[in-house]
Each structure stands twice: as structure tokens, then as C-alpha cells.
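Notes for the structure review
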Amino acid sequence: MDALTVLASAAFGSTVYLTTFSAVRWLNQRASRTKVVGLVVIAMVLCAVIGVVAYASQSVVVGFIVGAGMTPPVHRWILQRRRHVASS
């Protein structure tokens, strides 16, 4: 397993998570029809990305899972910290 490939895939997994998070947040502010169509498109793109990652080597899969798994708690921590610093 190549460590550099794992790190690069972790960064990619993190990017996919943050991009999806931002897109869904943006779609929640739109009309119901636009929201449904947007969520379907996002789901299709995520399925394609996961399929490509699953087809790749084991180190890519491990890195992608690590990056996508670590990003949500770190992202929540950063947002809470930012709110705490702003209120001080």
C-alpha cells in the first residue's frame, strides 16, 4: 500500500465531502423542484465517484474512506471553534 496514494485519496475524499455538503446546503435554500433535481444529480455523481474509487487500487479506497470519514467531525469542530472565537 502506497502511503502517498492514501494521503492523496484522503484529500480527495475530504474534498468530495465538503463539496457535497456545500451543494446540499445551497440546494436547501432553493425551491422544492430544484432541490429534488439537484439532490438526484448529486447522488448520481457520488455513485460515479464511489464506483471509480472502488475500481481503483486498495490504497485509493482506504485513503478515500479515511478522508471522507475524518472530515465531518473535523469540519464540525472547526465550525464550533469559529463560532466560539467570534462570540468572545
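Turning our eyes to something else, we now look at the confidence of the model for the protein chain. With 95% of its residues at a pLDDT of at least 70, the protein chain reaches an overall mean of 84. The least confident element of the protein chain, judged by mean pLDDT, is helix H3 (residues 58-87) at 81; the most confident is helix H2 (residues 32-55) at 88.

For the rest of this paragraph, the subject is the packing of helix H1 (residues 3-27) against H2. It is the contact of H1 with H2, at a shortest axis distance of 10 Å, that shows an interaxial angle of 170°. As the angle between them shows, H1 and H2 are arranged roughly antiparallel. Residues Phe-12, Val-16, Thr-20, Ala-23, Val-24 and Leu-27 of H1 lie in contact with H2, whose contacting residues are Thr-34, Lys-35, Gly-38, Leu-39, Ile-42, Leu-46, Val-49 and Val-53.

Below, the discussion takes up the packing of aromatic side chains. Summed over all chains, the structure comprises 2 aromatic pairs. On the numbers, 5.9 Å between centres and 45° between planes, the contact of Phe-12 with Phe-64 is tilted. With Phe-12 in helix H1 and Phe-64 in helix H3, this residue pair connects regions lying 52 residues apart in the sequence. We classify Phe-64 as buried; its relative accessible area is 10%.

How each quantity is defined
Residues numbered from 1 in each chain as written. Predicted model: local features only at pLDDT ≥ 70, side-chain atom pairs only at ≥ 80, totals over all residues. Heavy atoms only, no water. pLDDT = per-residue confidence, 0-100. Helix = DSSP H or I, 4+ residues; strand = E, 2+ residues; numbered from the N terminus. Axes fitted to C-alpha atoms, helices over the stretch in contact; angles between N-to-C directions. Parallel < 35°, antiparallel > 145°, perpendicular 65-115°, else oblique. Contact = heavy atoms within 4.5 Å. Phe/Tyr/Trp six-rings, centres within 6.5 Å; stacked < 30°, edge-to-face > 60°. Buried < 20%, exposed > 50% of the residue type's maximum accessible area, 1.4 Å probe, protein only.

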